[in-house]
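Summary of structural features
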Amino acid sequence: MSDEDSTPPATPPPVSVTRRRRWSAGLIWLVPAVAALIGIGMVIHNWASEGPVIEISFITAEGLEAGKTQVKYKEVVIGLVDSIRLAGDNTHVVVRVNLSKDAAGFATADARYWVVRPRFGTSGVSGIGTLLSGAYIGADNGESHEVKKRFVGLERPPAVIHGSPGKRFSLAASDIGSLDVGSPVYYRRIQVGRLASYELDKDGRQMHVDIFVDAPYDRFVTVSSRFWNASGVDLNLDASGLKLNTQSLATVVAGGIAFQTPPGPRDATLAAEGAQFTLFDDIQTAFAPPDGEPDYMQMRFEQSLRGLSVGSQVDFRGIIVGKVVSIQLDYDVDKQGFPLIVGVVIYPQRFGRAGEKIAQLAPMGNDENMRLAHLIEPMVARGLRAQARTGNLLTGQLYIALDFLPNAPKVAFDPAARPVELPTTPGSFDRLQEQMTGLVNKIDRIPLEAIGKRLDSTIAQLDKILRQVNEATLPQFNATLAGAQGTFGSAQKAIATDAPLQQNLAQTLAEMQRAARSLRVLTDYLGIHPESLLRGKPADPAPRAAPEQDVKGNKP
Amino acid sequence: MTTAPRARELGLTGCHTCGLVCAIEHAQCPRCGSHLHPRKPDSLARSWAFLIAALILYIPSNVLPVMYTSMLGRGEASTILHGVVEFWKSGSWDIALLIFIASVAVPSTKFLVLATLLVSARRQSSWARLQRARLYRFIELIGYWSMLDVVVVALVCALVQFHLLGTAEPRAGIVFFGLVVVLTMFAAMSFDPRLIWDGDEE
């Protein structure tokens, strides 16, 4: 069989085939080698991409699930919750998170973590997307390179994410008001930033409020910018009427901060990152010139100061130059009285030019109180007194007025007293009160009771008289009236046009007219013939018989 | 079996492609030109290589997630075993069983059977030759069905695309699983069942 099939060219191929086979036999081990490489590669990759493991503590693990909840930064997943367990004392939960390798920067000292879940607040709604997808842990890192593995999670999302364009400023406020993290910052009523955080001073006297102003609006914050609390409604009643001011409807509810550079020539240098400002209570105080260092003074009032409170104004000729900082009761052993000691602060800068000029006049001393005392002494001599005056008649609010009362009784001023004490004089309202008291006393002395009794008997008599009038006089009066009415009726009849009296009168008048005419003819005749009086009437010529007849007839 | 002479004894070999019986010295089949060899060349080595590669890849295929499903924005990546457990817990024990058989039992059986076959063939063991031959035919048969998982993932990922409501995406694990299936099939193909019967001469 082999003889038949043997062919000369068949001999070389087996050799080559065998050789190739040996080569390919080794080659086949490449398959598991590649598989192993892939496996090792994956292990290495996994190991290499294994980021730091951190622990974050939260108050509650609401919405978090081990193995499912992700850690996201700018919506990019940077880690996964590995496990959730209770802390040893059960006060909080500890969430263990596997961060990815490229997120190692998030395991640094100033990284922050918080749970993103749906939130409904006065400043808006956030985290709606997590309604369906479930909560996730938001992350934010900072500049630090210091490695940290344990974090305390924030209970609410931070208002400002690190690296956002803009600037951070620090405001010093007396209180936080209705502001909260995330409260808006307005510039000309546009929202330009947010309140990032706030914290109480170490000694608890001031709030430090951190705000963040987004680019490009941060260039409107200059060193002379003023910040004020724009929360709520600002209701103003002044000579021009009622004014209602709000920044926006949102600030009425949630509060907000507004800033602006006061009008006029100002230093327009841009405020540096982290610059310090003061947060004023309202726009008026914000725009008011700076007060500078206040001077402390004391006043002693003998009368009641009901209506005066800490914070009441100190007024000098209509300008508010300071405020009341304390009201304390004292006991005067000598007079056995209870004077009130009112402490006030005066801002010399509020006196404006007057303050500057006076300051130049006064001798410069190291002791601030001494300087103040020297300033005030001559003024007291000229009648400078403090008075508690009524600022509002309706509410009875008092304020302290500083004024020159030339006819005020002289008082001794002790320039060495500390603190400087300004003499007082009873307020105008106190005098008014005294007068009122006198008036009331006088009114009190009027014998009102006796007057009343007499008035009572008088009224009784009057009543009697009136009854008499009613019973006796009035019926007679009625009869009289009826009689009068009858009389008037007959009179009316007598003077009617068709009454006989009237007609007789007309006839009589006609007779009278006729008689008058005859008399005139007679006088005319006598004028012509005066002799007829003596001689009698001459005989008339025949032609004129007729007139003679007339005359003759009339004559007798 | 001992009665009939072996091809090797007669100096003959059969062509794998066209079945022509040729002299053992021939390197190529005179009829169809294919390479001639009495046994599959390096059968055991190849088979081992494929089997080891499959074994290595079987680890990531089980460790890595095979599919990522998200329902209403809440996403979850699941491995094969995780899926089985989930189905079992939710009460669909039949589906759980199906997935378990197709994805875990079958590949594991194949590894065991192939390893057994390879070891016994190398040792030219005479133990249970008939049963081993049956086993070989069995794993050749079930080989394809391991692809069930891959097909399921492919189908689900193609069909479940409702964006926000729900999506399914394949993950790396399924690629490894597919490779495992392919490699075990290669391993089974590389194995020459005639090796079971070698060493019968003694």
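Residues numbered from 1 in each chain as written. Chains lettered and ligands numbered in written order. Predicted model: local features only at pLDDT ≥ 70, side-chain atom pairs only at ≥ 80, totals over all residues.

So, about the overall build of chain B. Each helix and strand in chain B was counted, giving seven helices and five strands. Counting from the amino terminus, helix and strand elements in chain B follow one another as β-β-α-β-β-α-α-α-α-β-α-α. Within the span of chain B, comprising 202 residues, buried residues form 32% of the whole. Considering only residue pairs separated by 6 or more positions, chain B has 62% of its internal contacts joining residues 24 or more positions apart. (Helix = DSSP H or I, 4+ residues; strand = E, 2+ residues; numbered from the N terminus. Buried ≥ 20, exposed ≤ 12 C-beta atoms within 10 Å, placed from the backbone. Contact = placed C-beta atoms within 7 Å.)

A word on the overall build of chain A. Helix and strand content of chain A: 13 helices and 25 strands. A total of 556 residues make up chain A; the buried ones form 19% of that total. Once local pairs closer than 6 in sequence are excluded, the contacts in chain A between residues at least 24 apart make up 65%.

Turning our eyes to something else, we now look at the packing of helix α1 (residues 43-63) of chain B against helix α3 (residues 93-122) of chain B. All names here are of chain B. Put simply, α1 and α3 touch, their axes get as near as 11 Å, and they point 150° apart. In this view, α1 runs roughly antiparallel relative to α3, as classed from their interaxial angle. Where α1 crosses over α3, the handedness of that crossing is left-handed. In this structure, α1 contributes L44, S47, W48, L51, L55 and Y58 to the contact, and α3 contributes P107, F111, L114, A115, L118, A121 and R122. Of the residues in the contact of α1 with α3, the class split is eleven nonpolar, one polar and one charged. (Axes fitted to C-alpha atoms, helices over the stretch in contact; angles between N-to-C directions. Parallel < 35°, antiparallel > 145°, perpendicular 65-115°, else oblique. Left-handed = near helix turned anticlockwise from the far one by under 90°. Nonpolar A, V, L, I, M, F, W, Y, C, P; charged D, E, K, R; others polar.)

Considering every residue of chain B, the mean pLDDT works out to 84; 96% of them sit at 70 or more. Reported confidence for the predicted complex is 0.79 by ipTM and 0.49 by pTM. (pLDDT = per-residue confidence, 0-100.)

Looking now at the sheet that holds strand β13 (residues 207-214) of chain A. All names here are of chain A. Pairing in this closed barrel of seven strands is mixed, and the strands run β10-β13-β12-β11-β17-β14-β18 around the ring. Recorded for the sheet is a direction-independent mean angle of 35° between the axes of neighbouring strands. Both strand β14 (residues 226-229) and strand β17 (residues 257-260) contribute to a ladder of four bridges, which runs antiparallel. Bridged to R226 within β17 is Q260. (Pairing = 2+ DSSP bridges.)

Here we come to the environment of H162 of chain A. All names here are of chain A. Locating H162 in the fold gives a position in the loop between β9 (150-152) and β10 (166-173). When the C-alpha positions of H162 and N141 are compared, they lie 6.5 Å apart, and in sequence the two are 21 residues distant. The residues touching H162, leaving out its near neighbours within four places in the chain, are D140, N141 and G142.

Quick look at the sheet that holds strand β1 (residues 50-58) of chain A now. All names here are of chain A. Here we have seven strands laid out as an open sheet, ordered β5-β8-β2-β3-β4-β1-β9, and mixed in their pairing. In the strand order of this sheet, the two ends are held by β5 (112-116) and β9, each with one partner. Each strand axis lies, on average, 30° off the axis of its neighbour in the sheet, ignoring direction. Where β1 and β9 come together, three bridges link them in parallel fashion. Residue pairing for β9: E55 is matched across the bridge by R150.

As a further point, take the pairing of strand β3 (residues 76-86) of chain A. All names here are of chain A. Summarising the sheet, strand β2 (residues 70-73) and β3 pair through four bridges and their orientation is antiparallel. By the bridge assignment for β3, Y73 is matched with V76. The antiparallel pairing of β2 with β3 creates a hairpin that spans two residues between the two strands, and K74 there sits at a positive phi of about 55°. In this sheet, strand β4 (residues 93-100) lies alongside β3 in antiparallel orientation, the contact comprising seven bridges. Bridge pairing links I84 to V95 in β4. Connecting β3 to the antiparallel partner β4 that follows it, the hairpin turn spans six residues, and N90 within it adopts a positive phi of roughly 65°.

It is worth spelling out the confidence of the model for chain A at this point. Residues and elements named next belong to chain A. Looking at chain A, the pLDDT average stands at 81 and 88% of residues meet or exceed 70. Segment residues 1-20: pLDDT under 50, and 15 contacts once partners within four positions in sequence are set aside and those in other chains are kept. Counting interchain partners and residues more than four positions distant, the pLDDT-below-50 stretch residues 548-556 has six contacts.

Counting residues in each nonpolar core, the largest one holds 43 residues, and the members touching the most others are F50, A53, A54, L57, V180, L183 and A187 of chain B. Elements with a minimum of two residues in this core: α3 (30-49) of chain A together with α1, α2 (80-89), α3, α4 (129-142), α5 (148-159), α6 (172-190) and α7 (194-197) of chain B. Among the elements that make up this core, the one with the highest residue count is α1 of chain B (eleven residues). Leave out the neighbours within four places in its chain, and A53 of chain B touches V31, P32 and A35 of chain A together with L183 of chain B. Of all hydrophobic cores here, the second largest spans 25 residues; its members include A173, I211, A258 and A271 of chain A. (Core = buried A, V, L, I, M, F, W, Y, C linked by C-beta atoms within 7 Å.)

Turning next to α3 of chain B. Residue and element names in this part refer to chain B. Taking 1.5 Å as the rise per residue, α3 with 30 residues should run 44 Å; its terminal C-alpha atoms sit 41 Å apart, in good agreement. When the local axis directions of α3 are compared, the greatest deviation, roughly 40°, occurs at I101. Elements that come into contact with the buried residues of α3 comprise α1, α2, α4, α5, α6 and α7. Just beyond α3, the residue with positive phi is Q124, at close to 50°. (Expected span 1.5 Å × (residues − 1). Bend = angle between axes of the 7 residues up to and from the residue.)

For the rest of this paragraph, the subject is unusual backbone geometry. Residue and element names in this part refer to chain A. With an omega dihedral of 0°, the bond running from A215 to P216 counts as a cis peptide bond. Relative to the helices and strands, P216 is located in the loop between β13 and β14. We note that N90 has phi near 65°; this positive angle belongs to a residue other than glycine. Judged by the 7 C-beta atoms lying within 10 Å of it, N90 is exposed. A positive phi angle is found at Q336, which is not glycine, with a value near 55°. Within the secondary structure, Q336 is located in the loop between β21 (319-329) and β22 (340-346).

This part is about the packing of α3 of chain B against α4 of chain B. Residue and element names in this part refer to chain B. Two elements in contact, α3 and α4, have axes whose closest approach is 10 Å; the angle formed by their N-to-C orientations is 145°. As α3 runs across α4, the sense of the crossing is left-handed. Residues V106, K110, V113, L114, L117 and S120 of α3 lie in contact with α4, whose contacting residues are R132, L135, Y136, I139 and I142. Of the residues contributing to the contact of α3 with α4, the split by class is eight nonpolar, one polar and two charged.

Residues and elements named next belong to chain A. Inspection of the secondary structure assignment puts D201 in the loop between β12 (190-200) and β13. The class of D201 is exposed, set by 10 C-beta atoms lying within 10 Å. It is 9.3 Å that separates the C-alpha atoms of D201 and A172, two residues lying 29 residues apart in sequence. Excluding its chain neighbours within four sequence positions, the residues that come into contact with D201 are Q206 and H208.

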